[in-house]
Amino acid sequence: MLLISCFISGYLFFATSESPFRQLNNLAQADSLIKKELSNFNIDKRQVQVAAVKVDSNLSRKTYWVDVAPAFSKTQLHAELNRTFYKYSIETPATVTFPEKDITIHLLWFDTVIRTIKLQTDPELVLNRKQARILIAFDSKPDNELIGELASLGEPIPIVLQVKNPMQAKELSQQIGERYKRIFFRLKNEQGEDLINLDPAAAIDKLEQLQDILPSAMMVQLSAADGTRKLISKTGLTFIDAANSLILDEEMGRSAFSKALNRLKVNEPHPLIIIKGSETTLNWLSEKLPELKKAGVRLMPPSAMTF
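Nothing here was measured: the structure is a model prediction, and the numbers come from that model. (Residues numbered from 1 in each chain as written. Predicted model: local features only at pLDDT ≥ 70, side-chain atom pairs only at ≥ 80, totals over all residues. Heavy atoms only, no water.)

Asks: Can you break down the sheet that holds strand β1 (residues 48–56) residue by residue, with the values?
Replies: One key point about sheets: their strands pair by backbone hydrogen bonds, in either a parallel or an antiparallel sense. Ordered in space as β1-β2-β5-β4-β3, the five strands form an open sheet in which the pairing is mixed. What marks the edges here is a single partner per strand, and that holds for β1 and β3 (94–97). For this sheet the average axis-to-axis angle between neighbouring strands, irrespective of direction, equals 15 degrees. The pairing of β1 with strand β2 (residues 59–68) spans eight bridges and is classified as antiparallel. Within β2, the position partnered with V48 by the bridge is V66. In the packing of helix α2 (residues 27–40) onto the sheet, contacts are made with β1, β2, β4 (102–109) and β5 (112–121), and the angle to β2 comes to roughly 5 degrees. Here helix α3 (residues 74–86) sits on the sheet in contact with β2, β3, β4 and β5, set at roughly 5 degrees to β4. (Pairing = 2+ DSSP bridges. Helix = DSSP H or I, 4+ residues; strand = E, 2+ residues; numbered from the N terminus. Axes fitted to C-alpha atoms, helices over the stretch in contact; angles between N-to-C directions. Contact = heavy atoms within 4.5 Å.)

So, in C-alpha cells, the structure goes:
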C-alpha cells in the first residue's frame, strides 16, 4: 500500500507541476515569435528582408536579414530571442563578424538549424529613442530594502523626500546619500501641505536656510504659477518643474499603471512622471522597464527650471 501511494503521489506531482518548457507546434510559430520580438524592439518591417531555402521535403529554412542603426544593441536583441526560444528547447548560438560587429543568430532545434537571423548595421539608420523622466516620491524616509531595489535598476531615477526644515533635509541626505545619490526634496508644513504655496514668507526663509546648509539641494515644485516662480527664483537652489507631471500610485492597479507607462513608447514629448514609492510600485516599475527599454525608451534626469 505504501509503494502504491508513493507511485500515485509521484504521478500527481509530475502531472500537476507546470513545466517551464513549451511545445513548438510548427515552424510558422517560430516565425511569429521572431516577428513579435522584432516588433517589441521597434524594428520597422521595412528593415527586414526574408528569404526561404528548401532543404528537403520537410524543411524550408528561412533567413532574416535585419538592418539596425549603429547605436542599436544587437546583444540585447540576441538575449531576448534566447529568452523567448529557450522555453521551446530551441538554442540560439551566434557568431559576430568584425569589424562591423554584425551578429548571425541561428535557431537550433533538435540539432537542426530551422531559422537564421542576421543583424546588420546600416549607418544610414538612426536609432529612434524616446526620452522619459521619472521620479519616485516617498511620504516618509524609505527603508534600506526599497532604496536597494531602486538602486538595482541602474537608472537615473531620483527620489523625492518631503522635508519640513533644512536640518531634516541635511540629515536625510547624509543617511541615504551613501546608498543613493539622486535625492530631491519637497518643502512641506507640519500638516504635509506645500509650504511654498501656502506660506511664501515662511518658505523663502527656510529655502534660504537650506541654501546655506545644503547648497546642492535639488527641489521639486508642483506649482508653476508666476508668483511661485518669482519666489523660488530669489534663491540659489535648483528647482525641478513638476507642475504638469503624471502621478502614478498602487491604488490605480497594475493594469492602469502599466497602461500609463506604455504611453512612453510613443515618439512624442512626455510629462514628468511621479510614482508614489512603495514596494508594489517599485516591483511594477522593475517588471515594466525591460519592455520600455526594448521599445527604445531612455530614462533621463529631469531638467531644472529656468528663470
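Asks: Lay out the side chain of H270 with the relevant residues and their values.
Replies: The residue H270 is located in the loop between α9 (254–262) and β13 (273–276) in this model. Of the polar contacts made by the side chain of H270, one reaches the backbone oxygen of R263; its length is 3.3 Å. Within polar-contact distance, the side chain of H270 engages the backbone oxygen of V266 at 2.8 Å. Look past the residues within four positions of H270 in its chain and what remains in contact with it is Q131, R263 and L264. (Polar contact = N/O pair within 3.5 Å; in protein donor to acceptor, adjacent residues only side chain to side chain.)

Asks: Quick one: what's the story with the sheet that holds strand β8 (residues 159–163), residue by residue and with numbers?
Replies: The strand order across the open sheet formed by seven strands is β11-β10-β9-β8-β7-β13-β12, and the pairing between neighbours is parallel. Edge positions in the open sheet fall to β11 (238–241) and β12 (246–248), since each of these has one partner strand only. Averaged over all pairs of adjacent strands, the angle between their axes in this sheet comes to 35 degrees, without regard to strand direction. By the bridge criterion, three bridges tie β12 to β13 in an arrangement that is parallel. Bridge pairing in β13 links L246 to I273.

Asks: Quick one: what's the story with helix α5 (residues 166–177), residue by residue and with numbers?
Replies: With 12 residues, α5 should reach 16 Å at 1.5 Å per residue; the first-to-last C-alpha distance of 16 Å fits that figure. The complete set of buried residues in α5 reads P166, A169, L172, I176 and G177. Mapping the buried residues of α5 onto a view down its axis gives an arc of 125 degrees, with all of them on the same face. Those residues of α5 that are buried are in contact with α4 (144–152), β8, β9 (183–187) and α7 (200–213). At the N-terminal end of α5, a side-chain oxygen is found 3.2 Å from the backbone nitrogen of M167, two or three residues along, and the residue is N165. (Expected span 1.5 Å × (residues − 1). Buried < 20%, exposed > 50% of the residue type's maximum accessible area, 1.4 Å probe, protein only. Arc of directions from axis to C-beta.)

Asks: Hey, could you go over the packing of aromatic side chains for me, with residue numbers and the actual values?
Replies: All chains considered together, the criterion is met by three aromatic pairs. Aromatic pair F257 and W284: ring centres 5.2 Å apart, planes at 55 degrees, arrangement tilted. Remark: W284 occurs in helix α10 (residues 279–294) and F257 occurs in helix α9; sequence separation between them is 27 residues. Each member of the pair, F257 as well as W284, carries the same accessibility label: buried. (Phe/Tyr/Trp six-rings, centres within 6.5 Å; stacked < 30°, edge-to-face > 60°.)

Asks: Tell me what's going on with the packing of α5 against α7, and back it up with residues and numbers.
Replies: It is at 8 Å that the axes of α5 and α7 come closest, and there the two elements cross at 35 degrees. Here α5 runs over α7; the crossing is right-handed. Every residue of α7 that contacts α5 at P166, M167, A169 and K170 is listed here: K206, Q209, L210 and I213. Considering only residue class, the contact of α5 with α7 consists of five nonpolar, one polar and two charged. (Left-handed = near helix turned anticlockwise from the far one by under 90°. Nonpolar A, V, L, I, M, F, W, Y, C, P; charged D, E, K, R; others polar.)

Asks: Explain unusual backbone geometry to me, and be specific about the residues and the numbers.
Replies: F98 connects to P99 through a cis peptide bond whose omega is 5 degrees. Take P99: it is sitting in the loop between β3 and β4. A positive phi angle, near 60 degrees, is found at S89, a position not held by glycine. Considering the arrangement of structural elements, one finds S89 in the loop between α3 and β3. Among the residues examined, S89 registers a relative accessible area of 43% and is labelled partly exposed. Here the phi dihedral of D111 falls at roughly 65 degrees; this positive angle occurs in a residue that is not glycine. Along the polypeptide, D111 turns up in the loop between β4 and β5. Classification of D111 as exposed rests on a relative accessible area of 73%.

Everything listed here is a matter of geometry and, on its own, says nothing about what the molecule does.
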